[in-house]
Each structure stands twice: as structure tokens, then as C-alpha cells.
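These are the residues of each chain, in order.
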Amino acid sequence: MEQQSEKTASRKKYFLAAFFAPLIWGFMAISVRWVKEYPAEDILYYRILVALIVLWLFILIFRFKSLKRDIIVFKQLSRRQRNQTIGLTVLASVLIFGNWFAYIYTVNHISVQSAAFAYLICPLITAIAAFFILKEQLSPLKRMALGIALISAVTLASGSFIDVLWSMSIASLYALYLIVQRASQGFDKLNMLAVQLTLCSLFVVPKLFINQHSFPTAPFFWFSILTIAVVFTIIPLFFSMYALTRISSSTTGVLLYINPLIAFTLAITYFQETVAAYKYLAYSFILFAIILFNWETLKKIIKRKRGHIPNESFKYH
């Protein structure tokens, strides 16, 4: 009995980590708006460089064993596997670079709602991409949900095609990034992110010289960039990785919707963005699609909470 209690307490830690990751991401728009007067590319470039420095320091000080293990694993790969890993890493770097730029530009120059909508539809686009690229199967219920999600996107586009275009760009870039990450298995995700940011910096550093933008000297700018890089990039990613070792993927996937729901709330209450009537209709469609898409998962979670499904049958995959 005591052992079972300890196991439950241990699982709560991982569940809290899975909960706090999207919770933190949901508030990211606030820090991005702090530096709205700066060009979106400059915010992105300095975010990458600051995150790169902090992440490598963190890995070298606290996760050096993990880095050594990944280096050994990479060296043991065949030549074809190495080339595949390098190719996937380069592609992931391009995708995360594009996703971050699209998000920053959308929050500061389009709307927080559009950025939030992107992460509502992102899991659905990821499922479509996995269906075509990884040949993962979709149940009839999930296909129906994707059809309803398409209606939501078309409804939004009828009001503002530009908003939907930016939302789709953010969601598609991140969905493809997740697919690439899924295809590149066997390596620590923080180490992979550090390598991806290193590759991004090879583009960023020359661009900073080419653009010849004045070097930001305002302390608040660097405080904002440090906050974005550490609080809204590295910490939630670490929480997410920590949770994935014990929490089921389906549970984590459902919790990810906390992010856009918080962002929508902030858009309306904190940023005072207006919501047109057609958007309420579109959001209703997408919420229904999300519930339908995750219906089987939600039933499993509810049954498990009631004790109808043993823990062993619901492990992370």
C-alpha cells in the first residue's frame, strides 16, 4: 500500500511537469510583445543566440553524461544512418527557425489570436503530416475531426485570409518539426535542440552583420530576450522531456491544448483584441474537432482515473 502511494506521488510529479510546460508556453505572447518595436528577425536572432549560450552551458554543467552518450551513439551509427541523422537535424533547424520567426511576427504584427489558433490546429496538422509521411493510420473519427477542422479554417479565411495564412504557417512548420523529431530517434531532445540552434546560429551571425541593425543596448530588451530564451524555451522543453519519461503520450497531447486556450484568454482579456462573430463560429468548429479528435484518448484517461484501466496498459509510447 505504501509502495503504491509512493508510485502515485511520483506520477504526480511527472503529470505536473506535463501540465506546466504548456501552461508556461501559453503566456509567451506577453514577453514577445515587450519587444514589439524591434524587428521580428532581430528578436528571433537574439533569442536563438541567447538560448544557444544558456542551453550549452546547462548541458555542459548538468547533462554532460547525456551529451557523451549521444556522441557515442552517433559514432556507432552506420554511414547511411549518420547522413540521415545529419539531414534530419538540418531540416529540423530550418523548420524551428521558420516556426519561431512566424510566431514572433504573428504575435507582434498580426494578432495573438492567430498565434493561439495555430497551436490549436497544430496537433491536427501533425496527424495529417504523420498520415502522409510516416504512414500512420487515422481512425474514421479522427478523419471526421480533421474535416471539421478544415471547415473552421475556411470560416476564418472568409474573414481574414492573411490571419489564417500566418496561423497555418506557424502550425505547419511546427507540425513538420515534430514529424522530423519523431523520425530522428535515439538522441536526447535537449542535446538535439542545442545542435539545431548551433546550426541556426551559422545563419544568424552573418545576417546580423549584413542587416547592420543597431545593436540593442536597452537593458529591458535583453531581459525580455533572456526571459523568452530561458523561461519560454528551455524550461518548458525540459519539463516536457521530464514528463515524457512517465506520462502517456495521449495524456501529454491533451494537456498541450492548455497553451492556446491560455493564449486566447490573454488575447481577449490582457491584449484587448476584438473577436468578430465569424471567429466565434470558427473557434466552435475547431473546439468540437479537437474533442472529436481526442475522444478515444479522453475516454481512456477518464477510465484510467476511475481505475478501470491498469497503469501498465497505458504507458508512454
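## Brief notes about the overall build of the chain
Stage number 1. For the chain, the count of helices and strands is 14 helices and zero strands.
Stage number 2. Secondary structure elements of the chain occur, N-terminal to C-terminal, as α-α-α-α-α-α-α-α-α-α-α-α-α-α.
Stage number 3. A compact globule built from 317 residues should have a C-alpha radius of gyration of about 20 Å, and the chain, at 20 Å, falls within 12% of that.
Stage number 4. In terms of overall dimensions, the chain has a C-alpha envelope of 60 × 55 × 40 Å along the principal axes.
Stage number 5. In the chain, 88% of the contacts between residues at least 6 apart in sequence involve partners at least 24 apart.
Stage number 6. On the chain, roughly 16,700 Å² of surface is accessible, and the fraction owed to carbon and sulfur atoms is 68%.

## With respect to unusual backbone geometry
Stage number 1. The backbone phi angle of Gln-272 is positive, close to 55°, even though this residue is not glycine.
Stage number 2. Tracing the backbone shows Gln-272 in the loop between helix H12 (258–269) and helix H13 (277–293).
Stage number 3. On the accessibility criterion, Gln-272 (58% relative accessible area) is exposed.

## Concerning the packing of aromatic side chains
Stage number 1. Under the defined criterion, the tally for this structure stands at 24 aromatic pairs.
Stage number 2. Between Tyr-46 and Phe-221, the ring centres sit 5.8 Å apart and the planes meet at 90°, which makes this aromatic pair edge-to-face. Pair noted here: Tyr-46 is in helix H3 (residues 40–62) and Phe-221 is in helix H10 (residues 219–244), with a separation of 175 residues, a long-range link. In terms of burial, Tyr-46 and Phe-221 fall into one category: buried.
Stage number 3. Taken together, the aromatic side chains of Tyr-38, Tyr-46, Phe-215, Phe-221 and Trp-222 make up a single cluster linked through ring pairs.
Stage number 4. One cation-aromatic arrangement involves Lys-142 over Phe-293; the distance from NZ or CZ to the ring centre is 4.9 Å.

## Points about the pattern of salt bridges
Stage number 1. Scanning the entire structure with this criterion turns up five salt bridges.
Stage number 2. With a closest N to O distance of 2.8 Å, Asp-70 and Arg-69 form a salt bridge.
Stage number 3. The salt bridge involving Lys-279 is made with Asp-163; its shortest N-O contact spans 4.0 Å. On the criterion of sequence distance, the pair formed by Lys-279 in helix H13 and Asp-163 in helix H8 (residues 161–183) is long-range, its members being 116 residues apart.
Stage number 4. Classification of Lys-279 by relative accessible area gives buried; the value is 10%.

## Thoughts on a nonpolar patch on the surface
Stage number 1. Taken together, Ile-53, Leu-57, Leu-60, Ile-61, Phe-62 and Phe-64 make up a surface patch of nonpolar side chains, about 650 Å² in accessible area.
Stage number 2. Ranked by residue count, the leading element in the nonpolar patch is H3, at five residues.
Stage number 3. With respect to the helices, strands and loops of the structure, Phe-64 is situated in helix H4 (residues 64–76).
Stage number 4. The partly exposed category is assigned to Phe-64, whose relative accessible area is 41%.

## With respect to the side chain of Ser-240
Stage number 1. Note that Ser-240 resides in helix H10.
Stage number 2. If near-sequence neighbours (up to four positions away) are discounted, Ser-240 is found in contact with Ala-21 and Trp-25.

The rules we used
- Residues numbered from 1 in each chain as written.
- Predicted model: local features only at pLDDT ≥ 70, side-chain atom pairs only at ≥ 80, totals over all residues.
- Heavy atoms only, no water.
- Helix = DSSP H or I, 4+ residues; strand = E, 2+ residues; numbered from the N terminus.
- Rg over C-alpha atoms; globule rule 2.2 N^0.38 Å.
- Contact = heavy atoms within 4.5 Å.
- Areas by Shrake-Rupley, 256 points an atom, 1.4 Å probe, with all protein chains shown as cover.
- Buried < 20%, exposed > 50% of the residue type's maximum accessible area, 1.4 Å probe, protein only.
- Phe/Tyr/Trp six-rings, centres within 6.5 Å; stacked < 30°, edge-to-face > 60°.
- Lys NZ or Arg CZ within 6 Å of the ring centre and 35° of its normal.
- Salt bridge = Lys/Arg side-chain N within 4 Å of Asp/Glu carboxyl O.
- Patch = residues over 30% accessible without salt bridge, like charges linked within 9 Å, V, L, I, M, F, W, Y side chains within 5 Å.

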